[in-house]
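Here is how the chains run, residue by residue.
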Amino acid sequence: MATTNVSFRTARTQQLAEALQDARHYTLRLFECFVDAGLDNPVRVPQLRIVNPPLWELGHTAWFTEWFVLREAASSHPADAQGNSLLSKGDDWFDSNTVPHRNRWTLDLPSTGGVKTYCHEVLDRVLDKLTREANVDEALYPYRLALAHEDMHGEAFLYSLQTLGLAAPPQLTHDEQSFSAPSEIAFPGGSIQLGSSASVGGFMFDNEKFAHSCYVPPFRMDSTLVTNAQFADFIADGGYDNRQFWSLSGADWLMRQERSAPRYWQREGSQWRTMRFGQLCTLAAHEPVRHITLYEAQAYCAWAGRRLPTESEWEYAALHGHPAFRWGQLWEWTASPFEPYPGFTPDRYREYSQPWFSTHQVLRGASFATPSRFGSAKFRNFYMPERDDIFCGFRTCAWNG
């Protein structure tokens, strides 16, 4: 996936222009995969809680950019944007705050060609406006927000292709082999500044505000993610059958799912196979295990006599600089519920974080599907514990001593 290497958080006007074009090209490229399968028509899209109709999602990404950049919205409140959408019913169709998820299949949306035209028109106007902006954080904030939003939806398009069993461009579906042989790193611990600092400048998400001192006791952490082979050992040892490894919530989820292996795994004789973008393929032993719920990660840790790292431990390790610690293959579950940092206040996109506190769990890192410009050791991703459609895995940790 072509990306600019400059972080979107500090990108200047020309860098933002290139990145915005790259993001829109990528989104449209993946959208064509849905078109090829006839799923640009919402009626044909399965009504799942974990996907959106692709035509709605494409229109929403362009509308969000129009809302915050072209219409200079002060917030995501329906009354806080200037003027009207380029589409006569744009706000009625594509505002995720006012259009319930279940209703997105039955809207009288424009045609596929009409939504694509809207995407191109919004981008052209955004790029034109960007040429007149000052290279200062306040002026560039809405552009950086829109870019981050589209990058997140671009990744969502890719995991939706996986969820729906559709083919994706081959260069985007490669296996993620382990960086090196599994090992454990002992970290001495100490005080770190958890979160992002306003004094550094650039973009930050509201749930990263603000940097505050946090003491991290000494700990040991895997240098690599848990692999398919390691997780297969857990299964072979009765991991899904032994309730002592599962939390109460995990056991309840397991009972409702009747799961005996990770999502997409299929046993073929003595071997494991997996569904990858609609194709059954051999499970690579040393590839990090992906599409794992928080509950499965916790159960594996209990079986292995380990635990998940807290998000402060993960951030400490990622910023420590140890040459063996690598991240960015898959989003990594942590032991930390998604909670606000001290003094949290929502930003312009008011619903980005606040509605999800206490119900979601923090994941850290990035995945192979995350643009390099988006990756940051400070970024706090968050999902419900039962989500396994995203590109997620985990590594284990232990107290030092």
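Right above here is the structure, for reference.
Residues numbered from 1 in each chain as written. Predicted model: local features only at pLDDT ≥ 70, side-chain atom pairs only at ≥ 80, totals over all residues. Heavy atoms only, no water.

**With respect to the side chain of Ser336**
Piece 1. With respect to the helices, strands and loops of the structure, Ser336 is situated in strand 8 (residues 331-337).
Piece 2. Filtering out sequence-adjacent residues up to four positions away, Ser336 remains in contact with Thr310, Glu311, Gln361 and Val362. (Helix = DSSP H or I, 4+ residues; strand = E, 2+ residues; numbered from the N terminus. Contact = heavy atoms within 4.5 Å.)

**Section: the sheet that holds strand 9 (residues 361-365)**
Piece 1. As summarised here, the arrangement of the 4 strands in space is 10-9-8-11, forming an open sheet in which the pairing is mixed. Each having just a single partner strand, strand 10 (381-383) and strand 11 (392-393) make up the two edges of the open sheet.
Piece 2. Summarising the sheet, strand 9 and strand 10 pair through 3 bridges and their orientation is antiparallel. Pairing of Leu363 across the sheet is with Asn381, part of strand 10. (Pairing = 2+ DSSP bridges.)

**Notes on the pairing of strand 9**
Piece 1. Counting buried positions along strand 9 gives 5 out of 5 residues, so the element sits mostly inside the fold.
Piece 2. Sheet analysis places strand 8 next to strand 9, joined by 4 bridges and oriented antiparallel. Bridge pairing in strand 9 links Trp333 to Leu363. (Buried < 20%, exposed > 50% of the residue type's maximum accessible area, 1.4 Å probe, protein only.)

**A few points about unusual backbone geometry**
Piece 1. The omega angle of the peptide bond from Lys209 to Phe210 is -15°, so this bond is cis rather than trans.
Piece 2. Relative to the elements of secondary structure, Phe210 occurs in the loop between strand 2 (190-194) and strand 3 (212-216).
Piece 3. Phi is positive for Glu72, close to 50°, though the residue is something other than glycine.
Piece 4. With respect to the helices and strands, Glu72 occurs in the loop between helix 2 (54-70) and helix 3 (90-94).
Piece 5. Exposure remark for Glu72: the relative accessible area of 41% places this residue in the partly exposed category.

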